[in-house]
Amino acid sequence: MANDTPLSRESSSSSIPGKAAGAPTASPTPFVAGAWELLSSGEGDGLAFTPGAGESAIVHVFCPAGGGLTVNVKAFRPIGSEERMSLGSGATVVALVADVKGDALRGGVSATGPVPGELRSVLEGASGVSVSYGAQSAGPLPPVPMQTAQNFVMGCND
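Residues numbered from 1 in each chain as written. Predicted model: local features only at pLDDT ≥ 70, side-chain atom pairs only at ≥ 80, totals over all residues. Heavy atoms only, no water.

Peer 1: Provide a residue-level description of the state of the cysteines, including the pertinent values.
Peer 2: Under the criterion given, the structure shown has one disulfide. Between C63 and C156 runs a disulfide, and the two sulfur atoms are separated by 1.9 Å. Because the sign of the S-S torsion sets the handedness, a value of about 85° for the bond joining C63 and C156 places this disulfide among the right-handed ones. Taken as a pair, C63 in strand 3 (residues 59-64) and C156 in helix 2 (residues 146-156) lie far apart in primary sequence, 93 residues in all. By relative accessible area, C63 is classed as buried at 1%. (Disulfide = S-S within 2.5 Å. Helix = DSSP H or I, 4+ residues; strand = E, 2+ residues; numbered from the N terminus. Buried < 20%, exposed > 50% of the residue type's maximum accessible area, 1.4 Å probe, protein only.)

Peer 1: Describe the sheet that holds strand 1 (residues 35-41), naming the residues involved and giving the relevant values.
Peer 2: Here we have nine strands laid out as an open sheet, ordered 1-2-3-4-7-6-5-8-9, and antiparallel in their pairing. Taken across any chain shown, the strands that pair with only one partner, and hence form the sheet edges, are strand 1 and strand 9 (136-141). If you compare each strand with its neighbour and ignore which way they point, the axes differ by 20° on average. Across seven bridges, strand 1 lies against strand 2 (residues 44-50) in antiparallel orientation. When the bridges of strand 2 are listed, E37 appears paired with A48. Docked against the sheet, helix 2 engages strand 1, strand 2, strand 3 and strand 4 (69-73), running at close to 145° with respect to strand 2. (Pairing = 2+ DSSP bridges. Axes fitted to C-alpha atoms, helices over the stretch in contact; angles between N-to-C directions. Contact = heavy atoms within 4.5 Å.)

Peer 1: I'd love a proper account of the packing of aromatic side chains, names of residues and values included.
Peer 2: Overall, the coordinates contain two aromatic pairs when judged by the stated rule. Ring centres of F76 and Y133 lie 6.1 Å apart, and the angle between their planes is 20°; on these two criteria the pair is classed as stacked. Taken together, the positions of F76 in the loop between strand 4 and strand 5 (84-89) and Y133 in strand 8 (residues 129-133) put the pair 57 residues apart, joining distant regions of the chain. For the pair F76 and Y133, a shared accessibility class is recorded, and that class is buried. (Phe/Tyr/Trp six-rings, centres within 6.5 Å; stacked < 30°, edge-to-face > 60°.)

Next up, the structure:
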């Protein structure tokens, strides 16, 4: 799949959480550099992956207070015939319905669907988190830290 988004990749093992630079790994995954942040409010629970302090988030994953799951990638361009966005890690992938006109409020493209039962597996997967829409992809982003993923999924299921 072509990567049409302007995302840089880190290929050193130092970008993998908990790994020291130069530490041997069975199969190093070149994660995009950055960190996940839990964002919760009265409107719902959210996760944002930001490449660095003061920079815009690459991916937002949000569970509005009324239920459901929304994923937004600002760098994605709308494709009039593409209604599917995938969120996954390794072999675990969930499909969401994308707005083919883009997201005027958030920018980029957003997709929605019910909160999947395998959401925590996707967020914590050792392969990292990836989002794809047509030929565009974001990731792999590092796995969401276990406690952050657990808190987010609990908030989504409240």
